[in-house]
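Fold and geometry: a report
Spelled out, the chains give:
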Amino acid sequence: MAAFSYICDSVAVITMSNPPVNALSSALIRAVQKAVEEAIGDFAVEAIVIRGDKGKFSAGADIREFNRLERGPPLVSLIDLIEDSKKPVVAAIEGVALGGGLELALGCHYRIAHAQAYVGLPEVLLGLVPAAGGALRLPRLIGISATLSMITTGKYVQAREALKLGIVDKVVGENTVDEAIQLAKKVIGQPLGSRQLSTLPVQCPPNVEAFLDEAMVKVKKQFRGAQSPLACVEVLRAAVQLPYLEGKKKERELFQFLYTTDQTRAQQYAFFAEREVAKWTLPSGASWKTASPQPIRTAAVIGLGTMGRSIVTSLAKAKIPVIALEQDKKQLDIGSKAVMSLLDREILKMEQLGHTEFTNSLGPVQFTLDYGKLRDVDIVIEAVFENMALKKEIFRHLSGICKPEAFLCTNTSGLDIDEMASVTNRPQMVIGTHFFSPAHIMKLLEVVHGHYTSSTTISTAMRLAKMLGKVGVLVGNCPSFVGNRLMRLYVEQAVFLVEEGSKPEEIDRALEDFGLAMGPFRMMDLAGLDIGWKARTEIGLTGPKLPIGTPARQRGSKRYSPLPDILCEKGRFGQKSGQGWYKYEKSGGRNAMPDPWLYNFLSEYQRIHNLKTHYVTQEEIIERCLYVLINEGFKVLEDGIASGPEDIDVIYNNGYGWPKYTGGPMYYASIVGLPVVLTKLEKYYGANPDIPDLKPSSFLKKLVSKGNPPLKEWRSHLGFQSSML
Ligand SMILES: CCCCCCC[C@H](O)CC(=O)SCCNC(=O)CCNC(=O)[C@H](O)C(C)(C)COP(=O)([O-])OP(=O)([O-])OC[C@H]1O[C@@H](n2cnc3c(N)ncnc32)[C@H](O)[C@@H]1OP(=O)([O-])[O-]
Ligand SMILES: NC(=O)c1ccc[n+]([C@@H]2O[C@H](COP(=O)([O-])OP(=O)(O)OC[C@H]3O[C@@H](n4cnc5c(N)ncnc54)[C@H](O)[C@@H]3O)[C@@H](O)[C@H]2O)c1
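All figures in this text were calculated on a predicted structure; none of them were measured in a lab.

Quick look at the overall build of the protein chain now. For the protein chain, the helix and strand inventory stands at 28 helices and 19 strands. At 28 Å, the protein chain has a C-alpha radius of gyration in line with the 27 Å of a compact globule built from 725 residues. For the protein chain, the C-alpha atoms occupy an extent of roughly 95 × 60 × 55 Å along the three principal directions. Burial statistics for the protein chain: of 725 residues in total, 47% are counted as buried. Restricting to contacts in the protein chain with at least 6 residues of sequence separation, those with at least 24 account for 72%.

This next bit is on the UniProt feature "domain: 3-hydroxyacyl-CoA dehydrogenase C-terminal" (unreviewed entry) in the protein chain. UniProt tags residues 481–584 and 621–711 as "domain: 3-hydroxyacyl-CoA dehydrogenase C-terminal" (unreviewed entry). Between the C-alpha atoms that bound residues 481–584 there is a distance of 32 Å. The span itself is 51% helix and 4% strand. Taken end to end, residues 621–711 is 65% helix and 0% strand, and its first and last C-alpha atoms sit 25 Å apart.

Once that is clear, we can look at the site of ligand 2. Taken together, 24 residues form the shell around ligand 2, and within it G303, G305, M307, E386 and S437 come nearest. Sorting the residues of the shell around ligand 2 by element identifies α12 (306–317), α13 (329–352) and α15 (388–401) as the ones contributing at least two each. At 3 residues, the largest contribution of residues to the shell around ligand 2 is made by α12.

On to the packing of helix α19 (residues 504–514) against helix α20 (residues 520–527), then. Contact pair α19 / α20: the axes reach a minimum separation of 7 Å and the direction vectors enclose 105°. Taken together, the axes of α19 and α20 lie roughly perpendicular to each other. Contact with α19, carried on its side by P504, I507, D508 and L511, involves P520, F521 and R522 of α20 and no other residues of that element.

Let us now look at the domain arrangement of the protein chain. Along its sequence, the protein chain is organised into domain 1 (2–258), domain 2 (299–478), domain 3 (501–608) and domain 4 (618–640 + 643–717). Inter-centroid distance (C-alpha atoms) of domain 2 to domain 3 is 31 Å.

Glancing now at α13. With 24 residues, α13 extends 34 Å between its outermost C-alpha atoms, agreeing within 8% with the 34 Å of an ideal straight helix rising 1.5 Å per residue. Taken as a whole, α13 has its buried residues at G335, V339, L343 and M350.

Before going further, it helps to examine the site of ligand 1. Among the 26 residues in the neighbourhood of ligand 1, the closest are listed as A23, G60, A61, G99 and G100. Those elements that place two or more of their residues in the shell around ligand 1 are α2 (75–84), β5 (96–98), α3 (100–107) and α10 (244–258). Of the residues belonging to the shell around ligand 1, the class tally is 16 nonpolar, 4 polar and 6 charged.

Further remarks concern the sheet that holds strand β12 (residues 365–368). Spatially, β12-β11-β10-β13-β14-β15-β16-β17 is the arrangement adopted by the 8 strands of the open sheet, whose pairing is mixed. In this open sheet, the two edge strands, each paired with only one partner strand, are β12 and β17 (471–476). Direction aside, neighbouring strands of the sheet carry axes that sit 25° apart on average. By the bridge criterion, 6 bridges tie strand β16 (residues 444–449) to β17 in an arrangement that is parallel. Across the sheet, the residue bridging to V448 is V475, located in β17. Packed on one face of the sheet, helix α17 (residues 455–467) meets β13 (379–382), β14 (407–410), β15 (430–435), β16 and β17 and runs near 150° to β17.

Here we come to the environment of K248. With respect to the helices and strands, K248 occurs in helix α10. Taking the C-alpha atoms as reference points, K248 and A135, separated by 113 residues in sequence, lie 9.2 Å from one another.

This brings us to the pairing of strand β1 (residues 2–8). Bridge count for β1 against strand β2 (residues 11–17) is 7 bridges, and the pairing is antiparallel. By the bridge assignment, Y6 is partnered in β2 with V13. The turn linking β1 back onto β2 is made up of 2 residues, and D9 within it adopts a positive phi angle of 50°.

Quick look at the sheet that holds strand β3 (residues 47–52) now. The 6 strands are arranged β1-β2-β3-β4-β6-β9 in an open sheet whose pairing can be described as mixed. Unpaired on one side and paired on the other, β1 and β9 (170–172) mark the two borders of the sheet. This sheet shows a mean twist of 20° between the axes of neighbouring strands, independent of strand direction. When β2 meets β3, the two strands line up parallel, connected through 6 bridges. Note on β3: the bridge partner recorded for M16 is G52.

With that settled, consider the confidence of the model for the protein chain. Mean pLDDT over the protein chain works out to 95, with 98% of the residues at or above the 70 mark. Predicted complex metrics record ipTM = 0.96 and pTM = 0.95.

Now for the nonpolar core. In this structure, A300, V301, V322, V380 and V447 are the most contacted members of the largest nonpolar core, which totals 125 residues. Top contributing element to this core by residue count: helix α24 (residues 618–638), with 10 residues. What V447 contacts, discounting residues up to four positions off in sequence, is I431, G432, T433, I458, A461, M462, A465, G472, V473 and L474.

The rules we used
- Residues numbered from 1 in each chain as written.
- Chains lettered and ligands numbered in written order.
- Predicted model: local features only at pLDDT ≥ 70, side-chain atom pairs only at ≥ 80, totals over all residues.
- Helix = DSSP H or I, 4+ residues; strand = E, 2+ residues; numbered from the N terminus.
- Rg over C-alpha atoms; globule rule 2.2 N^0.38 Å.
- Buried ≥ 20, exposed ≤ 12 C-beta atoms within 10 Å, placed from the backbone.
- Contact = placed C-beta atoms within 7 Å.
- UniProt positions renumbered as here; feature names shortened; annotations may be inferred.
- Near = placed C-beta within 6 Å.
- Axes fitted to C-alpha atoms, helices over the stretch in contact; angles between N-to-C directions.
- Parallel < 35°, antiparallel > 145°, perpendicular 65-115°, else oblique.
- Domains from an automatic or database assignment.
- Expected span 1.5 Å × (residues − 1).
- Nonpolar A, V, L, I, M, F, W, Y, C, P; charged D, E, K, R; others polar.
- Pairing = 2+ DSSP bridges.
- pLDDT = per-residue confidence, 0-100.
- Core = buried A, V, L, I, M, F, W, Y, C linked by C-beta atoms within 7 Å.

What follows is the structure, given as structure tokens:
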């Protein structure tokens, strides 16, 4: 840990060093402060350049220090010291300048960035507000509107966009530090007043108060339930209404308030959980440290339906050349048009952000019907219909065609990976890569490890996730894997509650108020009710394979609701057919409206089946839908399908619209308290003995009997004997 300096001509170059991301720990802040003071006091120095070691400026305040009691020197006074310097200070930004890192750069008088660098104020993603002057200096530099968009979303802005916005003064392709030294030399002796951002007026739109009121309404709607985006708007209001020094006080107050909330603790947990899951380990001892990923230089995707087309786009965005294959000319034409339109949209987005060279930097896509073209690719991702016989036929075929080193992946939502692997000549190189829709946007990749899958294959699939900018989570092979296995029970519980007297919109509202991006009924309507119907028909839960005489609302000894099947039989597939659990303005419409037809239909259904309805409270909706999901999470841990609660939380936070500010379902359970979750499950199971999924899992019971240990200790109570990983 050091901030070391050298003098080049009359320019002192101060390097911040705290691997791996030069986080501004107390020790680093102290070291930089000392180096800056020395440079300011040194007669031989006429200008200063601040840079980060190993190609990274700084990822901001050291989050690992957040929970420590002792505090180092404040970052705020270091930044003030830099801004007040009479000698010009230039930030040479390589890699990242995030949070406190960007705030430090904003304290510098000039900023030069490498073309590949990113800047941003992502504090909101940790449940905080920028608190080292970022939300006060940035609007003085780029205006309220652009600052609002950056600090409420926490988005990372690439150098060229940062240049367009005015955050940096220059973008360079190479030698960032040399360029910064040249600039520093050039500006020696020039007045710095206009470069000291805290002294400038805030750039406001005409009716700024109305603008901020409107922003508050929008942010409340967009980030339902999250506190920190609202605090970001408040901080901007302070920037507008108060002189800089008073604004600083307000910024500090808001930070200190947020700092004590459950939301920030949950979001920090979620941040570290995402890093934790990348460090996979198998009971065999193989791990992310020992296994070597193989290079992925080329890829192929089979099937260009909903998923295939967005997987191709995701690969192209990561600059990986792709061969896209379909079953016949008609599907190939449809699929290739869809891919080209997705790629065009990506290019447009990037051009709008100032990336003129982006067009050349998408991976090339080649469309074909010819399997022979797949001979030399490094990896194939199959995304055809969810049908085992078809998938096996394709895997058998690929096995004969692809080079022996090629990895064979399936995007199945939940079919058996081992069964597919068994028909190939390389079962150790077969793996599930379960993308989420739309694959070029959603951050999650569930990496499904089969019985035969080698550690090299796992390592390569996890590397693929990283190359695509996704979070890869390694899970074991069981029907529906982790995400969908839990989701099925949650959705089923919601449907049971409709049978019992609730309405789809009441259930959606309760769960959306809890913070989920979309309630279960709107989600089913969006995804298409026919998908689940097809799957249930295939396994004989409904349709012609269902044995004659099976009671309508029972399968074996378990309760079953035929409601979704009946809606499909009536052609109500959701948005695509203009009606499902809701009605829509037209087929393909998105505006979900409660449907009086459904109310009549439900009353009739309840009458026919002689169902007693009751008033379903918001509390019951939340508890039954979420606790059944959490209970299954404990079973997944018990079965060794996920290696820890963090894996489940990362899956839900990134693939299912779970509100990150509650940390994820397992973290949420730990906050509610496991004894509470257990008691409620016992109560609901007692009232519904025909819903065995409500029966508390033995792992949950074990944890309660061990005194409700904190989440980070759960793994130690698991043992590895049942691990499927
Ligand atoms: C009134 C009081 C005043 C307070 C002042 C407040 C100042 C400010 O406003 C608050 C902040 O800056 S809040 C901060 C705002 N900043 C952010 O939110 C930035 C968050 N960071 C990121 O977005 C990504 O990590 C990067 C894009 C930097 C690198 O991505 P990548 O290349 O894919 O790599 P990776 O795998 O992601 O990370 C590698 C390792 O680095 C670790 N680590 C990372 N950042 C850290 C940090 N700040 N700290 C500590 N550690 C940090 C990470 O855990 C991992 O460690 P491991 O032991 O190996 O597991
Ligand atoms: N739709 C989702 O939200 C989603 C999410 C995750 C995973 N999945 C899984 O992804 C897979 C694909 O799902 P989808 O929704 O994209 O299906 P889809 O029906 O939209 O597309 C499947 C495509 O595969 C093509 N295809 C069929 N047989 C083929 C063959 N022999 N050779 C080449 N192409 C062939 C079809 O022409 C079609 O274009 C399924 O396994 C599904 O379970 C779907």
